[in-house]
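Architecture and fold: a report
Residue strings, one per chain:
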Amino acid sequence: MKPNDGYGKTITDESLREMVRHGSEEYPFQYYLEDPWMFDFHCIDWHWHPEVEFVYMEKGEAEFLVGSDRYTLCAGNGIFINSQVIHRIEAIESAVVPNVVFSPSLLSQEESLVYRKYIQPVLNSSLESFVFSPDNPEQKDILDILRSTFAIQESANINEMETVELLLKLWRRMYENMDITENTSAPRSSVRTQAQLQIMMQFIHRNYPYQISLDDIAGTVSLSKSSVLNLFSKTIHISPISYLVNYRLKRAAKLLITTEDNISSIARDTGFENIGYFCRKFKETFHLTPGEYRKVRSG
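What you are looking at is a predicted structure, and each value in this text was computed from that prediction instead of being measured.

Here's the deal with the overall build of the protein
Looking only at helices and strands, the protein features 11 helices and nine strands. Radius of gyration (C-alpha) of the protein: 21 Å, near the 19 Å computed for a compact globule of 299 residues. Projecting the C-alpha coordinates of the protein onto the three principal axes gives extents of approximately 65 × 45 × 40 Å. For the protein, buried positions account for 47% of its 299 residues. When contacts within the protein are restricted to residue pairs at least 6 apart in sequence, those whose partners lie at least 24 apart make up 71%. Within the structure as shown, the protein displays about 15300 Å² of accessible surface, and the carbon and sulfur contribution to it stands at 48%. Counting 30 positive and 40 negative side-chain charges, the protein places the averaged centre of each group 7 Å from the other.

Printed below as a string of structure tokens:
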């Protein structure tokens, strides 16, 4: 089966809630086989939904921005995205990304003991995402179950009962791998707060080579500068300008090992006007000068 090519954009409302219905009322489950590279701007843009989502990287590599976290996932990795958590997938290259989106109520009725004991604690926890690695034996089992679930959806005769059976098994394995006690200690940010934060982050990611002020960042979500500072501090414990500088440094580090451009050009191309400041901040972050970093990482 080839990745879906029927649409190339994510449709959301003003709160970034996805407008697409996943499955039906009687069977709230949907399987997708996607290539983020085929979407507008090579990304499945910011969105959230009340359903939970399990994603697998079958081929290629992609950046997953989930809540305030960012992951680079390559073939063989998977990720769970919790209900109402805003997320975005940025393609690094063409990729095959099968995923399932479904309502937790598909696993058990909301008033049931199973829902209250095993499902609701995950939904209500501070957990925004959970990355699965094939290098971890227990997580490899989760990935195997996920692939089996996909295989049923791609077969000639889709079996809904077998699908739900596998989803229950998948959820149990994931639940057993989680530290729910720790995750419930800090509630997740509200969807509105997540949306505002991610819109500002998106603005920074797209405009980091240029000169950006706090006013520019605040203007993307029509908030005061003090509100923006407070939002960044409470959610990701860093100021917007520090986040911008750190993001520029990460982009510069990548250019140091993927291009032969000189250090001054890389500093300029990633938004640093002062080469001395760039070199100082780079060493503070990576504990190496840009030249040393290039030599170590390229060698």
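Some thoughts on the sheet that holds strand 4 (residues 61-66)
The strand order across the open sheet formed by four strands is 2-7-4-5, and the pairing between neighbours is antiparallel. Looking at the sheet topology across the chains shown, the edges are occupied by strand 2 (43-47) and strand 5 (69-74). Taken over all neighbouring pairs, the strand axes of this sheet differ in orientation by 20° on average, direction set aside. In the sheet, strand 4 pairs with strand 5 via six bridges, with the strands oriented antiparallel.

As for the sheet that holds strand 3 (residues 52-56)
Taken in spatial order, the five strands of this open sheet run 1-8-3-6-9, and their pairing is antiparallel. If you trace the sheet from one side to the other, it starts and ends with strand 1 (29-34) and strand 9 (129-132), each paired once. For this sheet, the mean inter-axis angle between neighbouring strands, taken without regard to orientation, is 15°. Judged from the six bridges that link them, strand 1 and strand 8 (residues 97-102) form a sheet pairing that is antiparallel. For Leu33, the partnering residue across the bridge sits in strand 8 and is Pro98. Together, strand 1, strand 3, strand 6 (78-81), strand 8 and strand 9 form the strand contacts of helix 2 (residues 137-153), whose direction differs from that of strand 3 by roughly 95°.

Here's the deal with the pairing of strand 4
Among the six residues that make up strand 4, five are buried, leaving the element largely enclosed by the rest of the structure. Hairpin connection from strand 4 to strand 5: two residues lie between these consecutive antiparallel strands, with Gly67 at a positive phi of about 60°. Direction of pairing for strand 4 relative to strand 7 (residues 87-91): antiparallel, over a ladder of five bridges. Bridge pairing in strand 7 links Glu63 to Glu90.

Quick word on the side chain of Arg248
With respect to the element layout, Arg248 can be found in helix 8 (residues 240-258). For the buried Arg248, no salt bridge exists, and the shortest N-O distance to an oppositely charged side chain is 8.3 Å, to Glu273. At 3.4 Å, the side chain of Arg248 forms a polar contact with the backbone oxygen of Thr270. Every residue in contact with Arg248, bar those within four places of it in the chain, is listed here: Tyr208, Tyr210, Gln211, Ile212, Thr270, Gly271 and Phe272.

Some thoughts on the packing of helix 8 against helix 10 (residues 275-286)
Helix 10 packs onto helix 8 with a crossing angle of 90° between their chain directions and a minimal axis gap of 10 Å. Classed by the angle they form, the pair helix 8 and helix 10 counts as roughly perpendicular. In this structure, helix 8 contributes Val245, Leu249, Lys250, Ala252, Ala253 and Leu256 to the contact, and helix 10 contributes Tyr277, Phe278, Lys281, Phe282, Thr285 and Phe286. Residues of the contact of helix 8 with helix 10, tallied by class, amount to nine nonpolar, one polar and two charged.

Things to note about the packing of aromatic side chains
Applying the stated criterion across every chain, the model contains 18 aromatic pairs. Note on Tyr31 and Phe150: the rings are 5.5 Å apart at their centroids and 40° apart in plane angle, and the pair reads as tilted. With a gap of 119 residues between them, Tyr31 in strand 1 and Phe150 in helix 2 connect regions that are remote in the sequence. Phe150 carries the same exposure label as Tyr31, and that label is buried. Through a chain of ring-to-ring contacts, the aromatic side chains of Tyr27, Phe29, Phe54, Phe80, Phe102, Phe130, Phe132 and Trp171 assemble into a single cluster.

Focus on the pattern of salt bridges
Across all of its chains, the model carries 11 salt bridges by this definition. Between Arg206 and Asp45 there is a salt bridge; the shortest N-O distance is 3.8 Å. One end of the pair, Arg206, is in helix 5 (residues 191-207); the other, Asp45, is in strand 2, and 161 residues separate them in sequence. Its relative accessible area of 44% is what places Arg206 among the partly exposed residues. Across the pair Glu284 and Lys281 runs a salt bridge whose closest N-O atoms are separated by 3.2 Å. Highlighted residues: Glu284 and Lys281, both in helix 10, separated by three residues, approximately one helical turn. A relative accessible area of 47% places Glu284 in the partly exposed class. Taken together, the shared-partner salt bridges connect Asp45, Glu63, Arg70, Arg88, Glu90 and Arg206 into one network.

Reading the values: the criteria
Residues numbered from 1 in each chain as written. Predicted model: local features only at pLDDT ≥ 70, side-chain atom pairs only at ≥ 80, totals over all residues. Heavy atoms only, no water. Helix = DSSP H or I, 4+ residues; strand = E, 2+ residues; numbered from the N terminus. Rg over C-alpha atoms; globule rule 2.2 N^0.38 Å. Buried < 20%, exposed > 50% of the residue type's maximum accessible area, 1.4 Å probe, protein only. Contact = heavy atoms within 4.5 Å. Areas by Shrake-Rupley, 256 points an atom, 1.4 Å probe, with all protein chains shown as cover. Lys, Arg positive; Asp, Glu negative; His and termini not counted. Charge placed at Lys NZ, Arg CZ, Asp CG, Glu CD. Pairing = 2+ DSSP bridges. Axes fitted to C-alpha atoms, helices over the stretch in contact; angles between N-to-C directions. Salt bridge = Lys/Arg side-chain N within 4 Å of Asp/Glu carboxyl O. Polar contact = N/O pair within 3.5 Å; in protein donor to acceptor, adjacent residues only side chain to side chain. Parallel < 35°, antiparallel > 145°, perpendicular 65-115°, else oblique. Nonpolar A, V, L, I, M, F, W, Y, C, P; charged D, E, K, R; others polar. Phe/Tyr/Trp six-rings, centres within 6.5 Å; stacked < 30°, edge-to-face > 60°.

In short, the description is geometric, and any link to function would need to be established separately.
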